[in-house]
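Fold and contact review
Now for the letters of each chain:
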Amino acid sequence: QVHLIESGGGLVQAGGSLRLSCASSGRTFSRYDMGWFRQAPGKEREFVAAISWSGGSTYYADSVKGRFTISRDNAKNTVYLQMNSLKPEDTAVYYCAAGIRGYSIYSSEYNYWGQGTQVTVSS
């Protein structure tokens, strides 16, 4: 069982930055690929970024490529999402997810989910 807790969300002006963290309980964090997804009001949940279990591979949605960076620290059981040059359209609840065979843009490939953290970008 993996328990995920996101933090770091908040209100920021357009052009600003935020760093989201997702801390995992348990001793098997390093076995899981990790992903970040987001869901805006009235929209479906969408893929943001993914990182392989080792941290050696990353993948981004086109909408955030060049602005967001996903990373992980397996010693701290934590995955991060550094978000720069934020835009109002980045406003959403951000979720982290863990999957044994994750590293995917599809939410169905992830086994465990956090409760989400709100990110609001004002114009």
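Numbering of residues starts from 1 in every chain and runs along the sequence as written. Thresholds applied to this predicted model are a pLDDT of at least 70 for local features of residues and 80 or more for the giving and counting of side-chain atom pairs; totals over whole chains, interfaces and linings are not thresholded and use all residues. Side-chain figures throughout are based on the complete set of non-hydrogen atoms in the structure, without hydrogens or water.

1. Some words on the state of the cysteines
Note on terminology: pairs of cysteine sulfur atoms within 2.5 Å are recorded as disulfides. By the definition in use, this model includes 1 disulfide. Here Cys 22 engages in a disulfide with Cys 96; their sulfurs sit 1.9 Å apart. Between Cys 22 and Cys 96 the sulfur-sulfur dihedral comes to about 50°; the bridge is accordingly right-handed. Here Cys 22 is found in strand 3 (residues 18-24), whereas its partner Cys 96 is found in strand 9 (residues 92-99), with 74 residues between them in sequence. The class for Cys 22 is buried, based on a relative accessible area of 0%. When accessible area is computed with a 1.4 Å probe and restricted to protein chains, residues below 20% of their type maximum are described as buried, those above 50% as exposed, and intermediate ones as partly exposed. Its relative accessible area of 0% is what places Cys 96 among the buried residues. Helix and strand labels come from DSSP, where a helix needs a run of H or I of at least four residues and a strand needs a run of E of at least two; each type is numbered from the N terminus.

2. Examining the nonpolar core
Side-chain atoms within 4.5 Å are what join buried Ala, Val, Leu, Ile, Met, Phe, Trp, Tyr and Cys residues into a set we call a nonpolar core. Residues Met 34, Trp 36, Leu 81, Met 83 and Tyr 94 are the most contacted members of the largest nonpolar core, which totals 34 residues. Of all the secondary structure elements, the ones that give two or more residues to this core are strand 3, strand 4 (33-39), strand 5 (46-51), strand 7 (68-73), strand 8 (78-83), strand 9 and strand 11 (117-122). The contact definition used throughout considers only heavy atoms, calling two residues in contact when any of these lie within 4.5 Å. Setting aside residues no more than four positions away along its own chain, Met 83 makes contact with Gly 16, Ser 17, Leu 18, Leu 20, Arg 67, Phe 68, Tyr 94 and Val 119.

3. Re the side chain of Thr 78
Residue placement: Thr 78 occurs in strand 8. Given the relative accessible area of 9%, Thr 78 is considered buried. From its side chain, Thr 78 meets the backbone oxygen of Lys 76 in a polar contact 2.8 Å long. Ignoring any residue separated from it by four or fewer positions in sequence, one finds Thr 78 in contact with Ser 21, Cys 22, Ala 23, Phe 29, Arg 72 and Asp 73. As used in this structure description, the phrase polar contact means that two N or O atoms lie within 3.5 Å; if the pair is within protein, one of them must be able to donate a hydrogen and the other to accept it, and residues adjacent in sequence are counted only when both atoms belong to side chains.

4. Some thoughts on the pattern of salt bridges
By definition, a salt bridge exists where a carboxyl oxygen of Asp or Glu is found within 4 Å of a side-chain nitrogen of Lys or Arg. Counting across every chain of the model gives 4 salt bridges. Salt-bridge contacts for Glu 46 lead to Arg 38; the nearest nitrogen and oxygen are separated by 2.6 Å. On the basis of relative accessible area, Glu 46 is assigned to the partly exposed category, the value being 35%. On the basis of relative accessible area, Arg 38 is assigned to the buried category, the value being 5%. A salt bridge links Asp 90 to Arg 67; its shortest N-O distance comes to 2.8 Å. On the criterion of sequence distance, the pair formed by Asp 90 in the loop between strand 8 and strand 9 and Arg 67 in the loop between strand 6 (58-60) and strand 7 is long-range, its members being 23 residues apart.

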